Amino acid sequence: MENTNLNRKNEEHMVSIANKSRNSCKAHSQSLSYCLRKSKSRIPGGCTVIVYETTSATSSDRPFSTLFSISVFSEMVTLQSARPLVRMYEYRPLISPSLGRLKPANVAVNNAIGPERSCGGWGFCCDAVTTSFLQPFKAATSNCSAIHGKGCHDYETSSGGKSTNIVWHDCPIGKPQREKLIQQKGCVIWITGLSGSGKSTLACALSQGLHSRRKLTYILDGDNIRHGLNSDLSFESEDRAENIRRIGEVASLFADAGIICIASLISPFRKDRDACRALLAEGDFIEVFLDVPLNICEARDPKGLYKLCRAGKIQGFTGIDDPYEEPLNSEIVLQYKEGMCSSAIDMAERVISYLEERGYLQA
Ligand SMILES: Nc1ncnc2c1ncn2[C@@H]1O[C@H](COP(=O)(O)OS(=O)(=O)O)[C@@H](OP(=O)(O)O)[C@H]1O
Ligand SMILES: Nc1ncnc2c1ncn2[C@@H]1O[C@H](COP(=O)(O)OP(=O)(O)O)[C@@H](O)[C@H]1O
């Protein structure tokens, strides 16, 4: 009897937060799990959440995405019998920047997994009231049993890379509270382009333009970060990927702090940029492609690096003997046209207008 009441209560709670989230998603075109996280909705104790891959879907606007299904069950599910309270779908990148390649699952919802068969998908039970929808993804590692384990715990531990038995701590002061305080919305402006395309100049003009409007920014410039945090990294492709991953993670923390973070780095590989995009809520990652042809960048050559490369003194230089994958769907493309290049200030104003139109310059 007690259990039935608990299940009914859970069911009502989950349906109400799902409805609320769907409505707010419509309004803000944000992902369901993000909305749930943002609305601080909680999965009730005793529920099971299963996240699994529904289809591998690639389309022109979501080239690296997979459709995932998130199902919430009212209790610890048993095979065959389970009917989810709520089922949601959401696109997620195939590659998780912090967890590597996500493990594809092979379960159908009516063949839902229980604790004893946890590795068919990413199931885990959540008992702690602090569980939020962010965590199924954070917790989704190949080591499902560590999550599902022997049942519910007071604290749900998860794994991330080499860290095991870690617990996500929440605080009532979150991004919205910080944003209200500084009257702006945290986001990442990701400037990509060849060496010499004008990334650092644009980043600086943008920071100045926003500063004069009393908006808080911080620049993460590839060159600068390689002097400190990333000084252990070379220009080999794995190290470039790690450079981008770290800067993406730091940028997302800045955005979470409510700051307009301007990341300016070559970031030559699409999948690395898309992985950084996936760290943020929809809309909060604004990719700016400085589309300047190689011959113009080479003619500028402010650091003399192209000359050194042509002289054979530098190997693996982007655009010469190392690849640059142009973005396909940048929010903003700033193009160099037939001898015409807008000034950095004009370009910065275009980005600022974009932010203004989308409400990022107010809380
Ligand atoms: N091999 C090679 N290829 C490209 N760039 C090189 C290389 N060696 C040194 N540099 C200098 O490093 C700056 C690029 O660093 P990033 O961190 O932005 O690069 S990456 O995103 O990891 O590809 C880049 O700075 P920018 O000119 O500001 O782009 C160069 O000054
Ligand atoms: N909009 C622009 N028009 C003309 N020259 C520019 C523009 N932006 C940057 N530059 C010049 O191009 C060179 C490279 O700029 P920089 O910002 O250092 O590029 P990156 O950071 O992409 O290597 C510098 O000499 C800079 O003065």
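Refer to the structure printed above.
We now turn to the structure provided with this report. (Residues numbered from 1 in each chain as written. Chains lettered and ligands numbered in written order. Predicted model: local features only at pLDDT ≥ 70, side-chain atom pairs only at ≥ 80, totals over all residues. Heavy atoms only, no water.)

Considering the pattern of salt bridges
- Within the structure shown, the criterion is met by 14 salt bridges.
- One salt bridge connects lysine 303 with aspartate 223, and the closest N-O pair in it is separated by 2.7 Å. Pair noted here: lysine 303 is in the loop between helix 10 (294-300) and helix 11 (305-310) and aspartate 223 is in helix 7 (residues 222-225), with a separation of 80 residues, a long-range link.
- Overall, lysine 303 belongs to the exposed group, its relative accessible area being 53%.
- Here glutamate 357 and arginine 358 are joined by a salt bridge, their closest N and O atoms 3.5 Å apart.
- By relative accessible area, arginine 358 is classed as partly exposed at 44%.
- One salt-bridge network, held together by shared partners, links Asp232, Glu242, Arg245 and Arg246. (Salt bridge = Lys/Arg side-chain N within 4 Å of Asp/Glu carboxyl O. Helix = DSSP H or I, 4+ residues; strand = E, 2+ residues; numbered from the N terminus. Buried < 20%, exposed > 50% of the residue type's maximum accessible area, 1.4 Å probe, protein only.)

A closer look at the side chain of aspartate 221
- Considering the arrangement of structural elements, one finds aspartate 221 in strand 10 (residues 217-221).
- Despite its burial, aspartate 221 remains without a salt bridge, the nearest opposite charge being carried by lysine 303 at 6.4 Å.
- For aspartate 221, the side chain forms a polar contact with the side chain of serine 264, separated by 2.8 Å.
- Residues within four places of aspartate 221 in sequence aside, it is in contact with Ser200 and Ser264. (Lys, Arg positive; Asp, Glu negative; His and termini not counted. Polar contact = N/O pair within 3.5 Å; in protein donor to acceptor, adjacent residues only side chain to side chain. Contact = heavy atoms within 4.5 Å.)

With respect to the packing of aromatic side chains
- Evaluated as defined, the whole model comprises four aromatic pairs.
- Look at phenylalanine 289 and tyrosine 324: their rings are 6.2 Å apart centre to centre, the planes differ by 25°, and that puts the pair in the stacked class. With phenylalanine 289 in strand 12 (residues 285-291) and tyrosine 324 in the loop between helix 11 and strand 13 (332-335), this residue pair connects regions lying 35 residues apart in the sequence. Here phenylalanine 289 matches tyrosine 324 in class, with each residue buried.
- Here the aromatic rings of tyrosine 306 and phenylalanine 317 are separated by 4.9 Å at their centres, their planes lie at 75°, and the arrangement is edge-to-face. Taken together, the positions of tyrosine 306 in helix 11 and phenylalanine 317 in the loop between helix 11 and strand 13 put the pair 11 residues apart, joining distant regions of the chain. Phenylalanine 317 carries the same exposure label as tyrosine 306, and that label is buried. (Phe/Tyr/Trp six-rings, centres within 6.5 Å; stacked < 30°, edge-to-face > 60°.)

Here's the deal with helix 9 (residues 270-277)
- Among the residues of helix 9, those classed as buried are Asp272, Arg273, Ala275 and Cys276. On an axial view of helix 9, the arc spanned by its buried residues comes to 155°, and they lie on one face.
- Tucked into the core, helix 9 has its buried residues touching strand 9 (187-192), helix 8 (237-256) and strand 12. (Arc of directions from axis to C-beta.)

Considerations on unusual backbone geometry
- Even without a glycine there, the phi angle at arginine 214 is positive, about 65°.
- Structurally, arginine 214 can be placed in the loop between helix 6 (199-212) and strand 10.
- Here the phi dihedral of aspartate 301 falls at roughly 30°; this positive angle occurs in a residue that is not glycine.
- Its place among the elements puts aspartate 301 in the loop between helix 10 and helix 11.

Quick word on the sheet that holds strand 11 (residues 260-264)
- Within the open sheet, the five strands sit side by side as 10-11-9-12-13. Their pairing is parallel. Every other strand in the sheet has two partners, leaving strand 10 and strand 13 as the edge strands with one partner each. Strand-to-strand, the axes of this sheet are offset by a mean angle of 15°, without reference to chain direction.
- Pairing of strand 10 with strand 11, which is carried by five bridges, proceeds in the parallel orientation. (Pairing = 2+ DSSP bridges. Axes fitted to C-alpha atoms, helices over the stretch in contact; angles between N-to-C directions.)

Re the site of ligand 1
- Close to ligand 1 lie 19 residues; Ser195, Arg226, Arg240, Asn243 and Lys303 are nearest.
- Contacts to ligand 1 include lysine 199, whose side-chain N or O atom sits 2.8 Å from an oxygen atom.
- Taking aspartate 223, its side chain carries an N or O atom lying 3.2 Å from an oxygen atom of ligand 1.
- Alone, ligand 1 offers 630 Å² of accessible surface; in the complex the protein occludes 92% of this. (Near = heavy atom within 4 Å. Areas by Shrake-Rupley, 256 points an atom, 1.4 Å probe, with all protein chains shown as cover.)

So, the site of ligand 2
- The full set close to ligand 2 counts 15 residues, and Gly196, Lys199, Ser200, Thr201 and Ser342 are the nearest of them.
- Glycine 196 is positioned with one of its backbone polar atoms (N or O) 2.7 Å from an oxygen atom of ligand 2.
- At 2.8 Å from an oxygen atom of ligand 2 is found a side-chain nitrogen or oxygen belonging to lysine 199.
- About the coverage of ligand 2: the protein hides 71% of its 560 Å² of free accessible area.
- Contributing elements (two or more residues each) for the shell around ligand 2: helix 6 and helix 12 (344-357).
- Tallying contributions element by element places helix 6 first for the shell around ligand 2, with three residues.
- A per-class count over the shell around ligand 2 returns five nonpolar, eight polar and two charged. (Nonpolar A, V, L, I, M, F, W, Y, C, P; charged D, E, K, R; others polar.)

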